[in-house]
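# A look at the structure
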Amino acid sequence: MSDRDLPNRQMSDCNTSDKALKQSPLSRRKFLGGMGVALGSSVLPAGFTVFSSAARASSDPVIKIGFISPRSGPLSVFGEGDEFLVEQVMRQFSQGLTIDGVKYALDIIIGDTRSDSIGASLKAKELIDGDHIDFMLTSSTPETVNPVADACEAAGVPCLSTTAPWESFYFGRGGIPGQASPFKWTYHFCFGVMDFAQLYIDQWQKVDTNKRVGALLPNDADGNAIRGLLLPALEKEGFTVVDAGPYENGTSDFTQQINLFKKEKCEIFNTFPFPPDFPVFWRQAAQKGLAKRVKVAQLAKAGLFPAEIESMGKLGYGLHSGAYWHKDFPFTSLSTGLSCAEIADGFEKTMDKQWNQQVGANAALFDAAISALVQSNDPKNKVALATALSQLQADTAVGRVDFKNGPAPNCARAGLVGVQWMKSKQGPWPLELPIVSNANLPSVPLTGTMTRYKLGG
């Protein structure tokens, strides 16, 4: 046993109340310790947390899984549910995972990118070279996914990722349409740019507008993919797109873009910004009169989480978005044993925060990962695991993930629904998020009716 596989902390009573689950992370860790989960401590290198199956014989083989995401910095909201989620996975497999008659213990090592692509690459290399992981998982924007995947591709380590448009993953890393895949070890499932097109075409027709779209796209992997694929698709459907041109993440003055959208009489606004940049833009848009004219304010990448919208006050009510996971999805998570509604409810009780999209998306990542491990029949064999990923068909918290019929090699598609941030009419949280469009994911029922954006709610 290594110094990372710490002794299990036992508790005499595992029937912990909801109130107890809302306590500190240490309390939650002790609770799960009683169910066969041992956790890392201060002896770990900075930026890592280790979750280990404790109920195992010394002879049990161990599958080491790395999980890299942004847990601090400007993208940290994407990772705020990581420990909660991994605790659920470890509880589900506290007695190990049996594959082809062999029982394996699980070690899951979480690494924090600090919202930096270089940090993501370094964390991946530490897990690959220092911990000798068998399998890498990663999620949350191309700034995280791509450098981690690149490190795994170079090292020959199977990697599965999500929550970045598949085009950003595949073409952004050197894949070329019509040519054989340059990737052997890295696989990705997520929505794509054309899923946004289908969603937006349906969603925007639910509000009467002049069909003039102001597009604010940054100079990054997401922005470049959207500019090259989504904007032409929207124009083909009769929308007039006013592209303000690429801008750098961290821009603090959007006067030029706002004036352009006003001049062009844009009644639809669409953006894919680095999350901290959107509030800066939208407050300036309100001050300069653009927000008052806009009838559809459609966000992606930013505006995905309750905390972002709450921080904007009344300016956040009525904003439109897409959801890659929702508590009302009619699916069940293999890796946690929970329905989507139960994942959301458990997150809220444990974290004392409103549910968010990423906790369910990461549940789907672990669902697909567990399925790949089982289907490999030999999870310590990296070639067998990569082969299983290439043929993977699995039911997850975001629906069916199918690499046999993906949009590109090494990629599988997951859909989107249209949602709208509304002031809550009841319940403990100030916001609610009804599903207002399901053209891209018809198996998910609508729960609300889309309305136009009105400044101040």
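Rules behind the numbers
- Residues numbered from 1 in each chain as written.
- Predicted model: local features only at pLDDT ≥ 70, side-chain atom pairs only at ≥ 80, totals over all residues.
- Heavy atoms only, no water.
- pLDDT = per-residue confidence, 0-100.
- Contact = heavy atoms within 4.5 Å.
- Phe/Tyr/Trp six-rings, centres within 6.5 Å; stacked < 30°, edge-to-face > 60°.
- Helix = DSSP H or I, 4+ residues; strand = E, 2+ residues; numbered from the N terminus.
- Buried < 20%, exposed > 50% of the residue type's maximum accessible area, 1.4 Å probe, protein only.
- Axes fitted to C-alpha atoms, helices over the stretch in contact; angles between N-to-C directions.
- Left-handed = near helix turned anticlockwise from the far one by under 90°.
- Nonpolar A, V, L, I, M, F, W, Y, C, P; charged D, E, K, R; others polar.
- Pairing = 2+ DSSP bridges.
- Right-handed = clockwise from strand over helix to strand, strands pointing away.

### Remarks on the confidence of the model for the protein chain
- In the predicted model, the protein chain carries a mean pLDDT of 88, and the fraction of residues at 70 or more is 88%.
- Within the model, the stretch residues 1-45 combines pLDDT values under 50 with 77 contacts to residues more than four positions away or in other chains.

### Comments concerning the packing of aromatic side chains
- Summed over all chains, the structure comprises 24 aromatic pairs.
- Plain terms: the ring middles of Y170 and F183 are 5.7 Å apart, the flat faces sit at 80 degrees to each other, and that makes the pair edge-to-face. Of this pair, Y170 sits in helix α6 (residues 166-170) while F183 sits in the loop between α6 and β8 (186-190), placing them 13 residues apart in sequence.
- Y170 sits in the buried class, given a relative accessible area of 1%.
- Ring plane angle 80 degrees and centroid distance 5.0 Å describe the contact between F196 and F272, whose orientation is recorded as edge-to-face. Placement of the pair is F196 in helix α7 (residues 193-204) and F272 in the loop between β11 (268-271) and α10 (277-287), with a sequence separation of 76 residues.
- Owing to a relative accessible area of 5%, F196 belongs among the buried residues under this scheme.

### What about the packing of helix α4 (residues 117-129) against helix α5 (residues 142-155)?
- Axis separation between α4 and α5 bottoms out at 8 Å; the angle between their running directions is 35 degrees. The chirality of how α4 crosses α5 is right-handed. Here S117, A120, S121, A124, K125 and I128 of α4 come into contact with α5, specifically with E143, T144, P147, V148, A151, C152 and A155.
- Class assignment for the residues of the contact of α4 with α5 results in eight nonpolar, three polar and two charged.

### Notes on the pairing of strand β7 (residues 159-162)
- Here β7 shows a buried face lined by C159 and S161 and a second buried face lined by L160 and T162.
- Of the pairings in the sheet, the one linking strand β6 (residues 135-139) to β7 comprises four bridges and is parallel in character. Bridge pairing links S139 to T162 in β7.
- In terms of handedness, the path from β6 via α5 over to β7 forms a crossover that is right-handed.
- Of the strand pairs in this sheet, β7 and β8 are connected by four bridges, and their pairing is parallel. Paired with L160 across the strands is Y187, a residue of β8.

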